[in-house]
Amino acid sequence: MDTLNLFIHGRAVPSTDSAAIPVLNKATGETIALVAESTPDDVSAALESAQTAFGEWRQKPAHDRAKLMRRAAEAIRVEAESLVHLLTLEVGKPRAGAQREVEAAATLLEFFAEEGLRIRGEIPQLNLADERIFIVKEPVGVVVAIVPSNYPLILLSWKLGAALAAGCTVVAKPSEDTPLATLRLAEILAEAVLPPGTFNVLTGYGHTVGRALVEHPIPRKVAFTGGVETGKKIAALATQTNKRVTLELGGQCPALIGAEADLDVAAPALLKHSFDNAGQYCYRINRMYAQAEIYDEFLARLKAGAEKLKVGPASDPTSFMGPLVNGRLFDKSMSHIQDALERGAKLVSGGQRLSGPDYAGGYFLPPTILAEADHSMRVMTEETFGPVVGVMKVASLEEAISHANNSRYGLAAYIFTKDVAQALRAAERIEVGSVWINNIHRSYNEAPFGGFKESGLGREKSHYGLDEYLELKTIYLSL
Ligand code: NAD
């Protein structure tokens, strides 16, 4: 099997070394491709390419950049099938989820194409006789985008879209577990005539290639999505050269279910948001606090709903969720289950790896619900990043708010109660970047996303996300 090329300056190029990393089909465990472990020379070549391209891209009229980005989005739609196919294999997610991800990547490029046309400066009107002041925004420079394995294209597009719209160029490093769709995306965007060097892709491990990208003097910004501990390491390294940093890190998101909750809405919404993508996303629900009055009824509905969620390979169109991406994540889920059971939790559903011919090669874990959970258990305090959720009985919404805030994480929270005044007061007091009340729909490109506390730094999406790629410059003009 040949090692796949890197993507530097508009074309596929081999690494300067032969070291390779296998990429597995997550449902079967088979090796489906080999990707290069990029060398320091590859890192320099990609960053120099991005630096050269930055010179031209930043000068391009905003309308021309927007036109190219819209064309790139269209090219993604035309070639969607190849991206969907790769996502189902390398992430293991069902087809419908992979299709949504590819469409979201195209939509994000379109959204940022428009948002880039709305970048505005300022003129403070100080009525000075002989002087004028202009505050302008400039692209920050070359951006390193480091992305995890759960949503390789969406999480990249949050960064790529904003960077390109701002006038920045990008070197991306996808997760070593899921690099294939990103390499294919680079080909598609180059064919859609995004200028060479505006988007480069290097493959390899984080502690080697990721680290070399962060340490290199060329990039002016690192945009990272991944685990909290990795994010802290990257931020500490980036500080050595004062690079700008955006961090989208882990979550340990609480759901608060009040006595007045509409359980017909709450139970299905909470199930979906606990187990979608096999529980592998940052703002999924990891812990629930249900008021005593509805606790038993709520648990019964969760159990009945969880048992209906079909677990299986992406090749089965009826699968709701696929396998976990790797053994490390599977072991973490199992350790959270084990720990909770040892400390007195009750297993309501799931809890065991699935076996049988359909499941033999992948880490398939069914939706796992642990009742009678409390804060002595890791499932209530650490990010599981798998299909495991703890449910705790509370006496009041007040108690639930206090538990919700008893966390080093602060990404998102979910509140269910028909008492809207109580819900809004709770939303205002919970220390997180996003709160959903009384149902859980998607998160929108027009709204910022990011975390309080250790869940992150800065925001992505929306015009706030674009600002993270712009520097402010003040120009004083003496007349
Ligand atoms: P991870 O932190 O292990 O890896 C993420 C990326 O960082 C990978 O590309 C990896 O190669 C790279 N990396 C690892 N060590 C590095 C280093 N020292 N220097 C530079 N790069 C390095 O995360 P993961 O296990 O792939 O993903 C799961 C985590 O991502 C979870 O904690 C999840 O909550 C988080 N996540 C956050 C968001 C968000 O928007 N807040 C979204 C999705 C996932």
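Right above here is the structure, for reference.
Described in the following lines is the structure provided in the data block.

About the criteria used
- Residues numbered from 1 in each chain as written.
- Predicted model: local features only at pLDDT ≥ 70, side-chain atom pairs only at ≥ 80, totals over all residues.
- Heavy atoms only, no water.
- Helix = DSSP H or I, 4+ residues; strand = E, 2+ residues; numbered from the N terminus.
- Rg over C-alpha atoms; globule rule 2.2 N^0.38 Å.
- Buried < 20%, exposed > 50% of the residue type's maximum accessible area, 1.4 Å probe, protein only.
- Polar contact = N/O pair within 3.5 Å; in protein donor to acceptor, adjacent residues only side chain to side chain.
- Contact = heavy atoms within 4.5 Å.
- Core = buried A, V, L, I, M, F, W, Y, C linked by side-chain atoms within 4.5 Å.
- Domains from an automatic or database assignment.
- Near = heavy atom within 4 Å.
- Areas by Shrake-Rupley, 256 points an atom, 1.4 Å probe, with all protein chains shown as cover.
- Pairing = 2+ DSSP bridges.
- Right-handed = clockwise from strand over helix to strand, strands pointing away.
- Salt bridge = Lys/Arg side-chain N within 4 Å of Asp/Glu carboxyl O.
- Axes fitted to C-alpha atoms, helices over the stretch in contact; angles between N-to-C directions.
- Parallel < 35°, antiparallel > 145°, perpendicular 65-115°, else oblique.
- Left-handed = near helix turned anticlockwise from the far one by under 90°.
- Arc of directions from axis to C-beta.
- Expected span 1.5 Å × (residues − 1).

### Considering the overall build of the protein chain
The number of helices and strands found in the protein chain is 15 helices and 20 strands. Taking 2.2 N^0.38 as the reference for a compact globule, 479 residues should give roughly 23 Å; the C-alpha atoms of the protein chain span a radius of gyration of 23 Å, in line with that estimate. With respect to the principal axes defined by its C-alpha atoms, the protein chain has extents near 70 × 65 × 40 Å. A total of 479 residues make up the protein chain; the buried ones form 56% of that total.

### Looking at the side chain of His-216
For His-216, the location among the structural elements is in the loop between helix 7 (206–215) and strand 10 (221–225). Here Ile-218 takes part through its backbone nitrogen, which lies 3.1 Å from a polar atom of the side chain of His-216. What His-216 contacts, discounting residues up to four positions off in sequence, is Val-43, Ser-44, Leu-47 and Lys-243.

### Re the nonpolar core
The biggest cluster of nonpolar side chains holds 133 residues, and the ones touching the most others in it are Phe-199 and Phe-298. Looking at which domains feed residues into this core, each of domain 1 (3–249 + 455–478) and domain 2 (253–444) gives three or more. Discounting chain neighbours no more than four positions away, the residues touching Phe-199 are Phe-7, Leu-156, Leu-160, Val-170, Ala-172, Thr-182, Leu-185, Ala-186, Leu-189 and Leu-194.

### As for the environment of Glu-30
With respect to the secondary-structure elements, Glu-30 resides in the loop between strand 4 (20–24) and strand 5 (31–36). Glu-30 has contacts with Val-23, Leu-24 and Asn-25, leaving out every residue within four places of it along the chain.

### Describing the site of the ligand
As a matter of local geometry, the ligand sits amid 31 residues, with Val-147, Glu-176, Thr-230, Leu-249 and Glu-383 nearest to it. Contacts to the ligand include Lys-173, whose side-chain N or O atom sits 2.9 Å from an oxygen atom. A distance of 3.4 Å is found between an oxygen atom of the ligand and a backbone nitrogen or oxygen belonging to Gly-226. Taken by itself the ligand offers 850 Å² of open surface, and the protein chains cover 91% of this. Mapped onto the shell around the ligand, the elements with two or more residues apiece are helix 5 (152–166), helix 7, strand 10 and helix 8 (228–239). The element that contributes the greatest number of residues to the shell around the ligand is helix 7, accounting for four residues.

### A word on the pairing of strand 12 (residues 253–257)
Consecutive side chains along a regular strand alternate between the two faces of the sheet. When you tally the buried positions in strand 12, you get five out of five residues, the bulk of the element. Here strand 12 shows two buried faces, one formed by Cys-253, Ala-255 and Ile-257 and the other by Pro-254 and Leu-256. Of the strand pairs in this sheet, strand 12 and strand 13 (residues 285–291) are connected by five bridges, and their pairing is parallel. Looking at strand 13, one finds that Leu-256 is bridged to Tyr-289. On the question of chirality, the crossover connecting strand 12 to the parallel strand 13 by way of helix 9 (residues 263–275) is right-handed.

### What about the pattern of salt bridges?
Per the stated rule, a full pass over the model turns up 29 salt bridges. Ionic pairing is found between Glu-74 and Arg-77, a salt bridge with its closest N-O pair at 3.4 Å. Here Glu-74 pairs with Arg-77, and both are found in helix 2 (residues 62–78), just three residues apart, close to one helical turn. With relative accessibility at 40%, the residue Glu-74 sits in the partly exposed group. The partly exposed category is assigned to Arg-77, whose relative accessible area is 25%.

### Remarks on the packing of helix 13 (residues 397–405) against helix 14 (residues 420–429)
The description of two helices packed together rests on the angle between their axes and the distance between the axes. The interhelical angle for the contact between helix 13 and helix 14, taken along N-to-C directions, is 20°, at an axis separation of 10 Å. Considering the angle they form, helix 13 stands roughly parallel to helix 14. Considering the relative orientation of helix 13 and helix 14, their crossing is right-handed. Of the residues in helix 14, those in contact with Leu-397, Glu-398, Ile-401 and Asn-405 of helix 13 are Gln-422, Ala-426 and Arg-429.

### Details of helix 7
Owing to its 3.6 residues per turn, the α-helix aligns residues three or four sequence positions apart on the same side. Regarding helix 7, the residues found buried are Val-209, Gly-210, Leu-213 and Val-214. In an axial view of helix 7, the angular spread of the buried residues amounts to 135°, which keeps them on one side of the axis. Each element contacted by the buried residues of helix 7 is listed here: helix 1 (40–57), strand 7 (142–146), strand 8 (169–173), strand 10 and helix 8.

### Describing helix 4 (residues 95–115)
Taking 1.5 Å of rise per residue, the 21 residues of helix 4 would be expected to cover 30 Å, and the 30 Å separating its terminal C-alpha atoms lies within 8% of that figure. Listed as buried for helix 4 are Gly-97, Ala-98, Glu-101, Val-102, Ala-105, Ala-106, Leu-108, Leu-109, Phe-111, Phe-112, Ala-113 and Glu-115. Tucked into the core, helix 4 has its buried residues touching helix 2, helix 3 (80–90), helix 5, helix 6 (180–191) and helix 15 (462–467).

### A few points about the side chain of Thr-88
Residue position: Thr-88 is located in helix 3. Thr-88 gets classed as buried once you look at its relative accessible area, which sits at 11%. Beyond its immediate sequence surroundings of up to four residues, Thr-88 is in contact with Lys-93, Pro-94, Arg-95, Ala-98 and Ala-314.

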